[in-house]
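# Fold and contact review
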Amino acid sequence: MDDPYADRPWLRFYPEGVPRDVHVPDVPVTALLDDAARAFPDRPALTYFGRTLTYRELHDEVGRFAGVLAGLGVAKGDRVALVLPNCPQNVIAFFATLRLGAVAVQHNPLYTEPELRHQLADSGAIVAVVYDGAYARVTAVRPDTALQQVVVTSLVDYLPSWKQRLLRLPLRRAREKRARLVTPLPPGEDVPDFAELLAASTRGPAQTSLDPVADLAALQYTGGTTGLPKGAMLTHRNLVANAYQTRAWDPGISEGYETTLGVLPLFHVYGLTLGLMTTMLSAGRLVLMPTFDLQMVLEAVSREKPSIFPGVPPMYSQVNDAAAEGDHDLRSVRTCVSGAMRLPPATVDEFQQLTGGRLVEGYGLTETSPVALCNPLNRNARAGTVGLPVPSTDARVVDERDPDVVVPPGTAGELALRGPQVFAGYWGHAGDTAAMLRDGWILTGDVVTMSPDGFFTIIDRKRDVILASGFSIFPSEVEDAVCEHPDIAECVVVGVPDPYRGETVKAYVVPRPGTWLVADQVQDHCAERLAAYKVPKLVEVRDELPRNIIGKPLRRVLREQHMAAVTMTSEAMTSDGLPGLPC
């Protein structure tokens, strides 16, 4: 008898209630909000430092701000830049942009001028909605972009009235309000104000007619580890599909009653989908937090009682440590999906004991909207893996040199994915798009193995594999060995140029508080656990590691810092009459 799971072995581990495939309606992203507002108009949609907007109120403000954007000249296909942290204005501006058939382009509000200049110019955005702390940087780069108008908002605008009074920020005049901010606008400069424009706007236009399969909803910039970031083109269908896939993975969701802790940034696709999209689809409440502050998070969990808490491993680890020492009630948390980096099994065990909920690891890319794989939210979750393909997603492991060749289970190769959440390509980069998309499959660049029963394990990024003297070395393997040392809290391994080996292994280690480390200790420790060619030839002890906005260590930055140090050393030796060091 034929095995019904031969082509998709992971399906045998799907939890009860999770479908093999999901039906994705042919609707724009804004339909998620429209449906929720129609079915649950008086339910809370957003909570922001104690103030709540109902679905009726949110829907109304989205419509009115769509009218604002239309009045500023925004039309179908135009790009609108959002330079905002997690706040109600971000959600309102995002849905209002899509209401007009325009494309939302999210930006990290902490970006430097060069970073903003590149992304604003590359996207061709004509309007930017900016929080006042980023206004000066946006203004500085504006001449190099297509921006025609900048709308400014304050993070205090949506605070409860009593908190505004407590801060002595009057409700009437935005100009007076900003005069008390740390980053006030230049005096006398007439800048459109979000709150004032919204208050003066009437009901906005209806949803612009569009093709959800072809028309873009968002440009999400990614790829900064390999050069200048590129805009991943996500269609309405991509985002809607991934919201349906993510919701289907958690059959315990109760429509209209869930609360999601929105600490992951909405300007990152992980926070956009697991925070905003899936919550809107479920007509849940999103508790917005502009940044990850441990004490604020613990207080929010105790006060708001979230049932869903998407995050990254460092967040859960810090919550574990604080909860173990203090009196914090975390029992409301039911479901947590972790991504971006490997989730230590010890973190999972401790978090689940504290909350009684489920914490599992998943996998995704900006280019897959982002969720593609996830561990089951039951006892079938398998530590050390990123789980199974979510509904309507196919996965296979292909030869790293020939993606047309599928390798057998247990063999390392490149992960390829196919599904409705796979992006439409890179904005203005046809060559990069062609290299990544092949016959409907996306080549992820991640080296993985698949077990015979369909669980996937990430070994490393393809581009992070170190080639030393002809040997392939996976940084994750070395990192695992280094972190077995009792005095090491964290480690990142990178390949750096070497005149003899081509590349060599360098380990950056962070010691545990109160301990002392030297390079020889680390190397001796690794020599007992790794083949000689994998042992780090260079070790650098640091107090902390450079990270991106969601806490993932940045290998690219570490490589650049190494190269800069080598160059400085070479120049110094040359200036002393000594030969320069080879790089």
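Keep in mind that what you see is a predicted model, and the values were worked out from it rather than measured.

Right, let's talk about the sheet that holds strand β2 (residues 51–54) for a bit. Taken in spatial order, the four strands of this open sheet run β2-β1-β10-β9, and their pairing is mixed. Pairing within the sheet leaves two strands with one partner each, and these edge strands are β2 and β9 (259–262). Taking the axes of each pair of neighbouring strands and ignoring which way they run, one obtains an average angle of 20° across the sheet. By the bridge criterion, four bridges tie strand β1 (residues 44–48) to β2 in an arrangement that is antiparallel. Bridging across to β2, P44 finds its partner in T54. Helix α2 (residues 55–71) rests against β1 and β2 of the sheet, and its axis sits at about 75° to β2.

The mixed open sheet is built from six strands, whose spatial order is β6-β5-β3-β4-β7-β8. Looking along the sheet, the strands with just one partner apiece sit at the ends: β6 (149–153) and β8 (230–235). Adjacent strand axes in the sheet meet at a mean angle of 20° when their direction is disregarded. Bridge analysis of strand β7 (residues 216–222) against β8 gives six bridges, and the strand direction is antiparallel. Following the sheet pairing, Q220 is matched in β8 by A232.

Our focus in this paragraph is the confidence of the model for the protein chain. Mean pLDDT over the protein chain works out to 90, with 92% of the residues at or above the 70 mark. When the criterion is pLDDT under 50, residues 168–184 qualifies, and its contacts beyond four places in sequence or with other chains add up to 28 contacts. Under a pLDDT of 50 for its full length, residues 574–583 has, in the predicted model, twelve contacts with residues more than four places off or in other chains.

With that settled, consider empty space enclosed by the protein. Taken as a whole and assessed by the stated rule, the structure comprises two cavities of 30 Å³ or more. Taken as a whole, the largest cavity encloses approximately 220 Å³ of empty space. Taken together, 20 residues line the largest cavity, and the ones lying closest to its centre are T246, L274, T278, I308 and T335. Among the residues forming the lining of the largest cavity, the class breakdown is eleven nonpolar, seven polar and two charged.

Further remarks concern the packing of helix α4 (residues 113–123) against helix α5 (residues 132–141). The geometry of α4 relative to α5 is characterised by a closest axis approach of 9 Å and an angle of 60° between their N-to-C directions. One element, α4, and the other, α5, form an angle in the oblique class. Crossing handedness for the pair α4 and α5: right-handed. Touching E113, L116, R117 and L120 of α4 are R137, V138, A140 and V141, all from α5. Partitioning the contact of α4 with α5 into residue classes produces five nonpolar, no polar and three charged.

This brings us to unusual backbone geometry. A cis amide bond links S369 to the next residue, P370, at an omega of 0°. For S369, which is not glycine, the phi torsion reads 75° and is therefore positive. The topology assignment puts S369 in the loop between β12 (358–364) and β13 (371–374).

Here we come to the pattern of salt bridges. Evaluation of the coordinates by the stated rule reveals 30 salt bridges. Linking R334 and D250 is a salt bridge whose minimum nitrogen-to-oxygen distance equals 2.9 Å. Of this pair, R334 sits in the loop between α12 (313–325) and β11 (335–338) while D250 sits in the loop between α9 (236–249) and β9, and the two are 84 residues apart along the sequence. Under the relative-accessibility criterion, R334 is labelled partly exposed at 26%. Here R342 and D480 are joined by a salt bridge, their closest N and O atoms 3.0 Å apart. Note that R342 is positioned in the loop between β11 and α13 (345–355) and D480 in helix α15 (residues 475–482), a separation of 138 residues in sequence. Residue classification places R342 among the partly exposed positions, given a relative accessible area of 37%. Looking at D480, the relative accessible area reads 40%, which means it is partly exposed. A network of salt bridges, in which partner residues are shared, links R342, D460, D464, E479, D480, R555 and R559.

This part takes up α13. Those residues of α13 that fall on the buried side of the exposure criterion are T347, V348, F351 and T355. Viewed along the axis of α13, the buried residues span an arc of 100°, placing them on a single side of the element. Residues of α13 that are exposed and point more than 90 degrees away from the buried face comprise A346 and Q353. Against α12, β11 and β12 lie the buried residues of α13. Once α13 finishes, G356 follows within two positions and takes phi at roughly 80°, a positive value.

Here we take up the side chain of D460. Within the fold, D460 resides in strand β19 (residues 456–461). There is a polar contact of 2.7 Å between the side chain of D460 and the backbone nitrogen of S476. Contact partners of D460, with chain neighbours within four places excluded, come to G445, D446, V447, F474, P475, S476 and R555.

Another aspect to go through is the packing of aromatic side chains. Per the counting criterion, the structure on display carries ten aromatic pairs. Measuring from ring centre to ring centre gives 5.2 Å for F309 and Y316, while their planes differ by 65°; the resulting arrangement is edge-to-face. Y316 shares its class with F309; the two are buried. Put simply, the rings of F309, Y316 and F351 touch in pairs and so form one group of aromatic residues. Its guanidinium or amino end placed over the ring of Y426, K230 lies 5.0 Å from that ring's centre, counting from NZ or CZ. The ring centre of F455 lies 3.8 Å from the NZ or CZ of R382, which sits over that ring.

Calculation criteria
Residues numbered from 1 in each chain as written. Predicted model: local features only at pLDDT ≥ 70, side-chain atom pairs only at ≥ 80, totals over all residues. Heavy atoms only, no water. Pairing = 2+ DSSP bridges. Helix = DSSP H or I, 4+ residues; strand = E, 2+ residues; numbered from the N terminus. Axes fitted to C-alpha atoms, helices over the stretch in contact; angles between N-to-C directions. Contact = heavy atoms within 4.5 Å. pLDDT = per-residue confidence, 0-100. 1 Å grid on protein atoms, 1.4 Å probe; cavity = no way out; pocket = protein on both sides within 12 Å on 5 of 7 lines; lining within 4 Å. Points joined across faces, edges and corners; volume = space filled by probe spheres on them. Nonpolar A, V, L, I, M, F, W, Y, C, P; charged D, E, K, R; others polar. Parallel < 35°, antiparallel > 145°, perpendicular 65-115°, else oblique. Left-handed = near helix turned anticlockwise from the far one by under 90°. Salt bridge = Lys/Arg side-chain N within 4 Å of Asp/Glu carboxyl O. Buried < 20%, exposed > 50% of the residue type's maximum accessible area, 1.4 Å probe, protein only. Arc of directions from axis to C-beta. Polar contact = N/O pair within 3.5 Å; in protein donor to acceptor, adjacent residues only side chain to side chain. Phe/Tyr/Trp six-rings, centres within 6.5 Å; stacked < 30°, edge-to-face > 60°. Lys NZ or Arg CZ within 6 Å of the ring centre and 35° of its normal.

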